[in-house]
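# Architecture at a glance
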Amino acid sequence: MVKCTINGQTVEVKEGTTVIEAMHQEGMKIAHYCWHPGLSVAGVCRLCMVEIQGNPRLQVGCNTVVTEGMNINNTSDKVKEAVQWGLDFHLINHPLDCPVCDQAGECGLQDQYMEFGQYDSIMAEPKQKKHKVVDLGPTVVLDSERCILCSRCVRFTTEVSKTNELGIFNRGDHSEVGTHEGTSLDNNYSLNTVDICPVGALTSKDFRFKQRVWYLKEQKTICNGCSTGCNIKVYFNTEGFFRVKPVYNEQVNGYWMCDQGRDIYKFANKQARYQGGKRYNQGQWVTDEAPGHVAMQASKVIAQNKNKTALILTGQYTVEEYEIAIQSFLASVGNSIGIKNIYHWNSHISEINNFDGTLLRGDRNPNTKGLIKVFEKYNIQTQVEDLEKAIEAGQIDTAIVAGPEDLTYYKQSNQKMVSLISALKNIVWLQSTINPELEEKVKSNLFIIPMKSYLEKSGTFINFNGIEQSFRAVTTVMSQALTLGQAIGLMMGDQKAVLPAAETAADHAVKPFVQESRPASQVMAEERKKNEFIYKRGATNER
């Protein structure tokens, strides 16, 4: 360990720690643009200037290693003047388009100016006009005029994604970020460049012009897109979920997440969900029933066919839900006949060990390890293959299927499962998202029970590496939707199962999303003026 003094405070850090890292560890503020803890040091913005006792010149904090006894400060007039000059040069060609910039409200340039700038500019040179709305690839748009050439995005594609699409071209004030000839920014981690861009030069096509950030709430949770279990934040308001961004976790995902994981918010929004329970019997649909009511109706046919009822589980629910569901099922069905008709439906067995070398894994379930752990606890060793044999032998005529929350990577497997069980006498399907394949092909006695999405419940996922990660509910989207434990409990005749409160018309109109808390100063989307313009980007994004 090395001891030094920073702004009059004694600090102890690991050997090899840079000044800027030491200041961040202690929560001290220091101006910077190009430095990012997940990337190599570039030292091009010249904002992280510090004064070191005994050194006649100011030094950059990102590339200066702390040594024993070093006395550092970044609060002197000399440092403040240097930072202000640096900011002035960064702003010399930056357009004043904050009112239309997607980054407004979370812009590093705005933050740095308010913290370290607030000067009267003496620059008289005209601004350089550069390219706007440059299509870099399928996910990212570039506004070259806003770019301050921090090189973060270039270093990311070189060091993290290792795809090398981006570079800085031309010289002097004509320099611009762009893609190499014949290539586009098209890799599975491209949207991380948007996250690390400090000034809004890179924007996401998916989020662009959808919402102002001050209308959004945010909460940490776990990505359920694959078995890595990246730590993330979801951004939402009363209109729905709008984006997902990574949260640093050294053991799991570092600073990054894949582009595919950023789409997980879409299937949690209302337009992708079952709005109410559904039943199909003798060619007739009964729709828009309360999920709890459908579950209790299903309990009647299950009670008549206990000896031939199977429970089929996917790795997309929480450890706590598996525990309650399996205990309820075994207490009502399994123990009474000495058979554990519980099966693990995993659509990615052949790909489960695939890995792209960065974060994305072949197992597209967040909690396969958690389900296996609970199976081991109750000595359950069955797979879908065993279910096929049991159906062929006539041992199963009723199936309770805890379907996947995200059907994106279950399409073919979903077709196979629907085909496998379609001839059964009774089918109870538990799922949060709409399943057209199921509704179209199943003509037997069918119960569809809407489930809570993972953003609406608290619990634990265990990732591929055995790391247990707990998360809490973000908000409520469908107030009457059930958890897996509630649904199985009701179907097994558990009168203690707690049902969600009935949703009223007032709930729909005023609180389609429920927030636990918010700062009093935070503007809410529902407080917009009626004449405020709302962007519409095609039929799929209209609200």
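First, a word on scope: everything that follows refers to the structure included in this document. Fair warning: this is a prediction, and the values are worked out from it, not measured in the lab.

## Topic: the overall build of the chain
Looking only at helices and strands, the chain has 13 helices and 22 strands in total. When contacts within the chain are restricted to residue pairs at least 6 apart in sequence, those whose partners lie at least 24 apart make up 66%. Carbon and sulfur atoms make up 50% of the accessible area of the chain, which totals about 25,300 Å².

## A few points about the nonpolar core
In this structure, Ile-6, Ile-72 and Leu-202 are the most contacted members of the largest nonpolar core, which totals 49 residues. Where this core is concerned, the elements lending two or more residues are β1 (2-6), β2 (9-13), α1 (19-25), β3 (49-52), α2 (77-91), β7 (140-142) and α4 (152-159). In terms of residue count, α1 provides more of this core than any other element does, four residues in total. Looking at which domains feed residues into this core, each of domain 1 (2-90) and domain 2 (120-267) gives three or more. Look past the residues within four positions of Ile-6 in its chain and what remains in contact with it is Val-11, Ala-22, Met-23, Met-28 and Ile-72. If you look at the next biggest cluster of nonpolar residues, it comprises 36 residues, including Ala-298, Val-333, Val-374 and Ile-488.

## Comments concerning the sheet that holds strand β18 (residues 398-402)
Strand order in the open sheet formed by seven strands is β15-β14-β20-β19-β18-β16-β17, and the pairing between neighbours is mixed. The strands lining the two open edges of the sheet, one partner per strand, are β15 (284-289) and β17 (342-344). Neighbour to neighbour, the strand axes of the sheet diverge by 15° on average, direction disregarded. With six bridges joining them, strand β19 (residues 426-431) and strand β20 (residues 445-450) adopt parallel strand pairing. Within β20, the residue paired with Leu-430 across the bridge is Ile-449. On the sheet, helix α8 (residues 368-377) packs against β16 (309-313) and β17 and is oriented at approximately 150° with respect to β17. The strands touched by helix α9 (residues 384-392) are β16 and β17; relative to β17, the strand with the most contacts, the crossing angle is about 135°.

## Digging into the pattern of salt bridges
Tallied over the full model, the rule gives 17 salt bridges. With its nearest N and O atoms 2.7 Å apart, the salt bridge here joins Lys-205 to Asp-135. Pair noted here: Lys-205 is in the loop between β10 (202-204) and β11 (217-222) and Asp-135 is in strand β6 (residues 134-135), with a separation of 70 residues, a long-range link. For Lys-205, a relative accessible area of 32% translates into the label partly exposed. For Asp-135, a relative accessible area of 53% gives the class exposed. Among the charged side chains, a network of salt bridges with common partners joins Lys-132, Asp-143, Glu-145 and Arg-146.

Quick notes on the rules
- Residues numbered from 1 in each chain as written.
- Predicted model: local features only at pLDDT ≥ 70, side-chain atom pairs only at ≥ 80, totals over all residues.
- Heavy atoms only, no water.
- Helix = DSSP H or I, 4+ residues; strand = E, 2+ residues; numbered from the N terminus.
- Contact = heavy atoms within 4.5 Å.
- Areas by Shrake-Rupley, 256 points an atom, 1.4 Å probe, with all protein chains shown as cover.
- Core = buried A, V, L, I, M, F, W, Y, C linked by side-chain atoms within 4.5 Å.
- Buried < 20%, exposed > 50% of the residue type's maximum accessible area, 1.4 Å probe, protein only.
- Domains from an automatic or database assignment.
- Pairing = 2+ DSSP bridges.
- Axes fitted to C-alpha atoms, helices over the stretch in contact; angles between N-to-C directions.
- Salt bridge = Lys/Arg side-chain N within 4 Å of Asp/Glu carboxyl O.

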